[in-house]
Amino acid sequence: MRLDDYNGFCASLPATTHVVQWGGAHVWKVGGKVFAIGGWNDGGELFVTFKCSEMAYDVLKDQPGCRPAPYLASRGMKWIQRQTNQSMDDAALKDYLRESHRLVVLKLTRQTRKQLGLAQTG
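Presented here is an overview of the structure given in this document.

Reading the values: rules and limits
- Residues numbered from 1 in each chain as written.
- Predicted model: local features only at pLDDT ≥ 70, side-chain atom pairs only at ≥ 80, totals over all residues.
- Heavy atoms only, no water.
- Buried < 20%, exposed > 50% of the residue type's maximum accessible area, 1.4 Å probe, protein only.
- Helix = DSSP H or I, 4+ residues; strand = E, 2+ residues; numbered from the N terminus.
- Pairing = 2+ DSSP bridges.
- Axes fitted to C-alpha atoms, helices over the stretch in contact; angles between N-to-C directions.
- Contact = heavy atoms within 4.5 Å.
- Arc of directions from axis to C-beta.

As a further point, take the pairing of strand β2 (residues 25-30). Most of β2 is tucked away, with five of its six residues classed as buried. Judged from the six bridges that link them, strand β1 (residues 16-21) and β2 form a sheet pairing that is antiparallel. Considered in β2, the bridge of V20 is made with H26. Taking the residues between adjacent antiparallel strands as the criterion, β1 and β2 are bridged by three residues, where W22 takes a positive phi near 55°.

So, on to the sheet that holds β2. With respect to topology, six strands assemble into an open sheet ordered β1-β2-β3-β4-β6-β5, the strand pairing being antiparallel. The open sheet has two edge strands with one neighbour each: β1 and β5 (66-68). On average, adjacent strands in this sheet sit at an angle of 20° to one another, irrespective of strand direction. The pairing of β2 with strand β3 (residues 33-40) spans five bridges and is classified as antiparallel. Residue pairing in the sheet places K29 in a bridge with V34 of β3. The strands touched by helix α1 (residues 3-12) are β1, β2, β3 and β4 (46-51); relative to β2, the strand with the most contacts, the crossing angle is about 10°.

Here the focus is α1. All of the buried residues along α1 are Y6, N7, F9 and C10. Angular distribution of buried residues about the axis of α1 spans 165°; they occupy a single face of the element. Away from its buried face, by an angle of more than 90 degrees, α1 presents the exposed residues D4 and S12.

Shown next as C-alpha cells:
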C-alpha cells in the first residue's frame with residue numbers, strides 16, 4: 001500500500017482527522033483518538049499500525065509481515081503493525097483499518113459520538 005492509498009482510505013472513514021507527528025508518521029484519529037498510524041522503516045516501506053480485537057491480535061502477531069506494534073503492544077494494548085503484505089494484502093489491511101476505526105468509535109463517549117454524527121455506529 002502506498003502512502004496516498006493509505007491516507008485516501010483513512011480519509012474516507014467517517015469523522016476522521018489527519019495529523020503528521022511522531023517523526024513524520026501519518027496519524028489518523030476519530031474523536032481525537034488514534035486508530036491508524038502510517039510510518040516508514042529504514043528502507044522506505046510503509047508500515048501501517050492499527051488497533052484490533054484480542055482475537056485478531058492473537059492471530060496476526062505471529063503472521064509473516066506483521067508484528068505486535070512497538071510501544072503500544074508492549075503496554076498491553078492490542079495493536080498490530082503490518083510491515084509487508086506477505087500475509088495481509090491491501091484489501092485485508094483496509095478491513096482491519098475499518099475495524100480499528102469502529103473499535104475506537106465504540107470507546108468514545110455517547111456525547112462525542114453524537115457530536116461527530118456517529119451515534120448509530122457500533
